[in-house]
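# Tertiary structure, described
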Amino acid sequence: MRLLGDEMLCWSDLDGEHGPGPVRGAVLQPLPAAAYGRTLVAGPHDPALTDRISTGDLSLLIRGVADGEALAARYPEAAVHCGSLGRFRPAERFDTIVALDGLERLGSAEGAELGWGRTLDLLLDLLRPGGLLLLGVENFLGLHRLITLPPAVTDSDFAPPAEDDPTRPAGLSRVRERLGLPVARVYSAYPSPQAPTALLDTARLSREDQAAALARACATVDDVLMDPRRIAAVAARHGAAAELAPAWILTTQDIAVPFSLPEVVEHRPHAVRELIIERDRLAQELAEARAKHLWYEQMLVNRETALKRARLAATTPGQALLGGARAAKRVLRRVRPRG
Amino acid sequence: MHHANHYYGHSSVLARYCGLEGDDPPRVHGYLQHGWNIGDGLAADHEFVPGTPVLLWSERTRRRAWSLGRRRTTVVGSPWAYLVRQDQDPDPGVRRDGTIWYPFHGWEGQHVVGDHDGLIDEIRATEPGPVTVCLYWQEFRSARLRRRYERAGFRVICHGYRGGWWENLDPQFLHRQLAELRRHRRVASNRLCSAVFYGALAGCEPAVYGDPMHLERENMTFGGTERIRRQWPELHGAAVDVPAAYEVAVAELGADRLLPPDELRTILGWENAR
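Everything in this summary refers to the structure shown in the same document. (Residues numbered from 1 in each chain as written. Chains lettered and ligands numbered in written order. Predicted model: local features only at pLDDT ≥ 70, side-chain atom pairs only at ≥ 80, totals over all residues. Heavy atoms only, no water.)

### Structural notes on the overall build of chain A
Within chain A, the regular secondary structure consists of 10 helices and 9 strands. For a compact globule of 339 residues, the expected C-alpha radius of gyration is about 20 Å, and chain A comes in at 34 Å, more than 25% above that figure. Oriented by its inertia axes, the alpha-carbon framework of chain A measures out at about 125 × 50 × 35 Å. Every one of the 339 residues in chain A was classed for burial, and the buried ones make up 44%. Accessible area of chain A: about 18000 Å², with a carbon and sulfur share of 56%. Seen as two clouds, the 41 positive and the 43 negative side-chain charges of chain A have centres 19 Å apart. (Helix = DSSP H or I, 4+ residues; strand = E, 2+ residues; numbered from the N terminus. Rg over C-alpha atoms; globule rule 2.2 N^0.38 Å. Buried < 20%, exposed > 50% of the residue type's maximum accessible area, 1.4 Å probe, protein only. Areas by Shrake-Rupley, 256 points an atom, 1.4 Å probe, with all protein chains shown as cover. Lys, Arg positive; Asp, Glu negative; His and termini not counted. Charge placed at Lys NZ, Arg CZ, Asp CG, Glu CD.)

Here it is as structure tokens:
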């Protein structure tokens, strides 16, 4: 493993503890399988994807030292480079660059914040003319952002928010323009950029097929404002599956990923409406528990007062007091007979 | 709040910058980074309350601190950078002379194991002009060590006590250091440390060379001297590219991110102090 500079110690992207985890998913496998010649895998990819690369000349670029060591152990024949893209100066360009995770995790906390545009330029400099680029790009207008609660902030979010990056093109047509290379295919990845289960070539698939795939793919999305399956199917029927895709994967050569329906998953998403119902139920339970608590408290206080009075009566001064009171009562009864 | 906020008179420097009396600065609402750091900005061995606001010198340290799980991080810049900005050089034209050398030191808890004589030979061989050696108070106290450097023909000084646990506080520490640095043309050490960055910002030509020495029980979590050399190559060598080194010093000391006094007062929790 070579340390380039800007490598991050005490850090891992692959373990998923500091961020969303590496880009992964069986549906993506045909893409790295198409790699040829001198190949670079840039950024955190699930090793199951890297395993699919069959060329002999493999280079891996990763920013966490622990990840670099793990990759070096798993791929002893590969050249593992640990650090940021800004510090990577290979001797030769690459025939294939696999960057399905996107560009955000090619920089590190140690280095300067390059921005999406500059990072893209650096990456393109490493590609041979006519080479194969597999690039993932997150869509900030994607369904995953429109209908879910904002994700929790993680250790990976040390940079300014990516949406505010002025060098980042917004929308698929601007991304294609900025790339500057002929784009052979665009796949829309659902339901999330890091773990897609459906990869749709919307230019070639029928809307019905898209709707069917999305209905299944979006079943696993959680913490949603409304049922994602319905809205995704509606988007597909309106021909908007690409515009609302959580991420796009652009390829500069014609790599066909065969269409497949994601597996059926039995899952009930937590919609906000359900969360509200649950919250109201818990609030009701809490109110009842409080009322009970107050009632028990009052009862205890009453019992304690009664106990105190009884103890007082059992003592001598108390007895005298009570005895005197009783004697006085007897006198009164003789004086004023009950009648 | 934390006793380390008063190290080297940092809190006093900030108080003066904010227009307060410097000798008894109010409590800082947070933990102020007290030295140049390749970790999350805090001292690995210090205890502090989780959720404490962490006040850091540089954007780079803030990014690193965030990636290590710290969330309440704010970049305020270093007290040194505020001092250099406030105390303009009274005689900028005065000819600086010689080198001020900071041999890498341990601190009260760890000791340095290494060859002082070897270092002395290397200093004599490398430095063209007169050499001032600045020792940490713990080493300055050792007459034997002082004499070794004096016998080599160096002028031996100390900037004062760092201060700790609210004892031996010295608000003038950094002022003395600044005055000394401004008298010298070069600043050097055998390890890249705060003093080298301070000197670079104060207009000295920085240099890092010689045996970096071995610190007892050194914390290697962030890669140690090997990583520092790899990550900050602009500051290493007997003669460096001065403008490039200056830019790095500006970034590491947050000199490009200094806050106006009102904003700093708010962040430090000093709005109500007079």
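### What to know about the environment of V221 of chain A
You can see V221 of chain A is positioned in the loop between α7 (207-217) and α8 (228-237). For the pair V221 of chain A and H270 of chain A, spaced 49 residues apart in sequence, the C-alpha to C-alpha distance is 8.5 Å.

### Quick word on the interface of chain B and chain A
The partner chain A presents 22 residues to the 15 residues of chain B that form the contact. Taking both sides of the interface into account, the surface hidden between chain B and chain A amounts to around 1500 Å²; carbon and sulfur atoms contribute 43%. When the buried area of chain B at its contact with chain A is split by residue, R63, S67 and R230 of chain B rank highest and sum to 40% of it. Summed over the shared surface of chain B and chain A, the result is 7 salt bridges. (Contact = heavy atoms within 4.5 Å. Buried area = accessible area lost by both parts, 1.4 Å probe. Salt bridge = Lys/Arg side-chain N within 4 Å of Asp/Glu carboxyl O.)

### Side note on the pairing of strand β9 (residues 205-208) of chain B
All names here are of chain B. The sheet contact formed by strand β8 (residues 186-189) and β9 spans 4 bridges and is parallel. Bridged to S189 within β9 is V208. The parallel pair β8 and β9 is bridged by helix α8 (residues 194-201), and the resulting crossover is right-handed. (Pairing = 2+ DSSP bridges. Right-handed = clockwise from strand over helix to strand, strands pointing away.)

### Quick word on the packing of helix α4 (residues 116-126) of chain B against helix α6 (residues 143-151) of chain B
The relative placement of two packed helices is expressed as an angle between their axes plus a distance between the axes. All names here are of chain B. One can describe the packing of α4 onto α6 by two numbers: an axis separation of 10 Å at closest approach and a directional angle of 25°. Between α4 and α6, the crossing angle belongs to the class labelled roughly parallel. Remark: the crossing between α4 and α6 carries right-handed chirality. When α4 is examined against α6, the residues H116, D117, L119 and I120 are found in contact with a partner set consisting of L145, R148 and Y149. For the contact of α4 with α6, a count of residues per class yields 4 nonpolar, 1 polar and 2 charged. (Axes fitted to C-alpha atoms, helices over the stretch in contact; angles between N-to-C directions. Parallel < 35°, antiparallel > 145°, perpendicular 65-115°, else oblique. Left-handed = near helix turned anticlockwise from the far one by under 90°. Nonpolar A, V, L, I, M, F, W, Y, C, P; charged D, E, K, R; others polar.)

### Notes on helix α3 (residues 65-74) of chain A
Residue and element names in this part refer to chain A. Listed as buried for α3 are V65, D67, G68 and L71. The buried residues of α3 occupy an angular sector of 155° when the element is viewed end-on, so they sit on one face. Residues of α3 that are buried in the fold lie against β1 (2-5), β3 (58-62) and β4 (79-83). (Arc of directions from axis to C-beta.)

### Focus on the pattern of salt bridges
Pairing between side chains becomes possible if they bear opposite charge and their charged atoms approach one another. Counted according to the given criterion, the structure contains 39 salt bridges over all chains. Put simply, E285 of chain A and R281 of chain A hold a salt bridge, and the shortest N to O gap is 2.6 Å. Taken together, the positions of E285 of chain A and R281 of chain A, both in helix α9 (residues 272-314) and 4 residues apart, correspond to about one turn of that helix. With relative accessibility at 40%, the residue R281 of chain A sits in the partly exposed group. If you follow the salt bridges from partner to partner, you end up with E7 and E110 of chain A together with R60, R64, E226, R227, R230 and E252 of chain B in one network.

### Some details on the pairing of β4 of chain A
Residues and elements named next belong to chain A. Counted residue by residue, β4 has 4 buried out of 5 residues, so it is predominantly covered. Across 3 bridges, the pairing between β1 and β4 is parallel. Each bridged residue has a counterpart across the sheet, and for R2 the counterpart in β4 is H81. Where β3 lies against β4, 4 bridges are found, and the strand directions are parallel. Bridged to L60 within β4 is V80. The parallel pair β3 and β4, bridged by α3, forms a crossover whose chirality is right-handed.

### Thoughts on the environment of A245 of chain B
Residue and element names in this part refer to chain B. Within the secondary structure, A245 sits in helix α10 (residues 242-252). On a C-alpha basis, the gap between A245 and N190 in space is 16 Å, while along the polypeptide they are 55 residues apart. Every residue in contact with A245, bar those within four places of it in the chain, is listed here: P206, E234, L235 and V240.

### Brief notes about the sheet that holds β9 of chain B
All names here are of chain B. With parallel pairing, 5 strands are arranged side by side in an open sheet as β7-β6-β4-β8-β9. In the strand order of this sheet, the two ends are held by β7 (155-157) and β9, each with one partner. Taken over all neighbouring pairs, the strand axes of this sheet differ in orientation by 25° on average, direction set aside.

### Looking at the side chain of D67 of chain A
All names here are of chain A. With respect to the helices and strands, D67 occurs in helix α3. No salt bridge is formed by the buried D67, whose closest oppositely charged neighbour, R63, lies at an N-O distance of 6.9 Å. Those residues in contact with D67 that sit more than four places away from it in its chain are S12, D13, L14 and I62.

### Considering the packing of aromatic side chains
Residue and element names in this part refer to chain B. By the definition in use, this model includes 12 aromatic pairs over all chains. Ring plane angle 65° and centroid distance 4.9 Å describe the contact between Y8 and F173, whose orientation is recorded as edge-to-face. Of the two residues, Y8 sits in the segment before α1 (10-17) while F173 sits in helix α7 (residues 173-183), which places them 165 residues apart along the sequence. Looking at F173, the relative accessible area reads 7%, which means it is buried. When the ring of W36 is compared with that of W232, the centres are 5.0 Å apart and the planes differ by 80°; the resulting orientation is edge-to-face. Of this pair, W36 sits in the loop between β1 (31-32) and β2 (54-56) while W232 sits in the loop between α9 (224-231) and α10, placing them 196 residues apart in sequence. Residues W36 and W232 agree in their burial class; the two are buried. (Phe/Tyr/Trp six-rings, centres within 6.5 Å; stacked < 30°, edge-to-face > 60°.)

### Here's the deal with the environment of V250 of chain B
All names here are of chain B. In this structure, V250 sits in helix α10. Residue V250 is classed as buried on the basis of its relative accessible area, which comes to 16%. Excluding its chain neighbours within four sequence positions, the residues that come into contact with V250 are L201, A255 and D256.

### Notes on a negative patch on the surface
Residue and element names in this part refer to chain B. Residues D115, D121, E122 and D211 make up a contiguous surface patch of negative charge. Considering the arrangement of structural elements, one finds D115 in the loop between β5 (112-113) and α4. Under the relative-accessibility criterion, D115 is labelled partly exposed at 44%. (Patch = residues over 30% accessible without salt bridge, like charges linked within 9 Å, V, L, I, M, F, W, Y side chains within 5 Å.)

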